[in-house]
Amino acid sequence: QVQLVESGGGSVQAGNSLRLSCAISGNIVSVNAFGWYRQAPGKQRELVAAITRGGSPTYADSEKGRFTISRDNAKSTLYLQMDSLKPEDTAVYYCNAGLLIGVPLESDFWGQGTQVTVSS
């Protein structure tokens, strides 16, 4: 089984930056992609960014140009660099590991989430 633990969330003012981290452990031989999803109150969970084992990233249109996803295999860590944050980015951010990039499946693994709050 795969274990994912997010960290780095917090409260910031609009325009500032945050860097989220996801510590990865366990058996990841069947994992083809890693990603970040978020869920705001009253809304569905949505894709923020994802990355394949080969390092090819995918971003949601609203976040492209502001957020950057990366993975450090040596440190077994997934990152999400978030710049120019907006109040609309306020949500719980979840780390994901699964079979399909950008497509959550019931067989996927998830972290417990980290809260990001952006004030205007």
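Structure's up top.
Residues numbered from 1 in each chain as written. Predicted model: local features only at pLDDT ≥ 70, side-chain atom pairs only at ≥ 80, totals over all residues. Heavy atoms only, no water.

K.L.:
Go over the overall build of the protein with me, naming the residues and quoting the values.
P.N.:
Tallying secondary structure elements over the protein gives zero helices and 11 strands in all. When the helices and strands of the protein are listed from N to C terminus, the series reads β-β-β-β-β-β-β-β-β-β-β. What you see for the protein is a C-alpha radius of gyration of 13 Å, in line with the 14 Å of a compact globule of 120 residues. Taken along its principal axes, the extent of the C-alpha atoms in the protein is 40 × 30 × 25 Å. Counting every position in the protein, which comprises 120 residues, the buried fraction comes to 38%. Once local pairs closer than 6 in sequence are excluded, the contacts in the protein between residues at least 24 apart make up 56%. (Helix = DSSP H or I, 4+ residues; strand = E, 2+ residues; numbered from the N terminus. Rg over C-alpha atoms; globule rule 2.2 N^0.38 Å. Buried < 20%, exposed > 50% of the residue type's maximum accessible area, 1.4 Å probe, protein only. Contact = heavy atoms within 4.5 Å.)

K.L.:
Please give an account of the packing of aromatic side chains that cites residues and values.
P.N.:
With the rule as written, the count across this model stands at one aromatic pair. Between tyrosine 37 and tryptophan 110 the ring centres are 5.1 Å apart and the planes differ by 65°, which places this aromatic pair in the edge-to-face class. Here tyrosine 37 is found in strand E4 (residues 33–39), whereas its partner tryptophan 110 is found in strand E10 (residues 109–110), with 73 residues between them in sequence. Positioned above the aromatic ring of tyrosine 79 is the side chain of arginine 19, whose terminal nitrogen or guanidinium carbon lies 4.0 Å from the ring centre. When the ring centre of tryptophan 110 is taken as reference, the NZ or CZ atom of arginine 45 above it lies at 4.7 Å. (Phe/Tyr/Trp six-rings, centres within 6.5 Å; stacked < 30°, edge-to-face > 60°. Lys NZ or Arg CZ within 6 Å of the ring centre and 35° of its normal.)

K.L.:
Hey, could you go over the state of the cysteines for me, with residue numbers and the actual values?
P.N.:
Enumeration according to the criterion identifies one disulfide in this entry. Each sulfur in the disulfide pair cysteine 22 and cysteine 95 lies 2.1 Å from the other. With the S-S bond torsion at -85°, the cross-link from cysteine 22 to cysteine 95 turns out left-handed. Of this pair, cysteine 22 sits in strand E3 (residues 18–26) while cysteine 95 is found in strand E9 (residues 91–98), placing the two residues 73 residues apart along the sequence. (Disulfide = S-S within 2.5 Å.)

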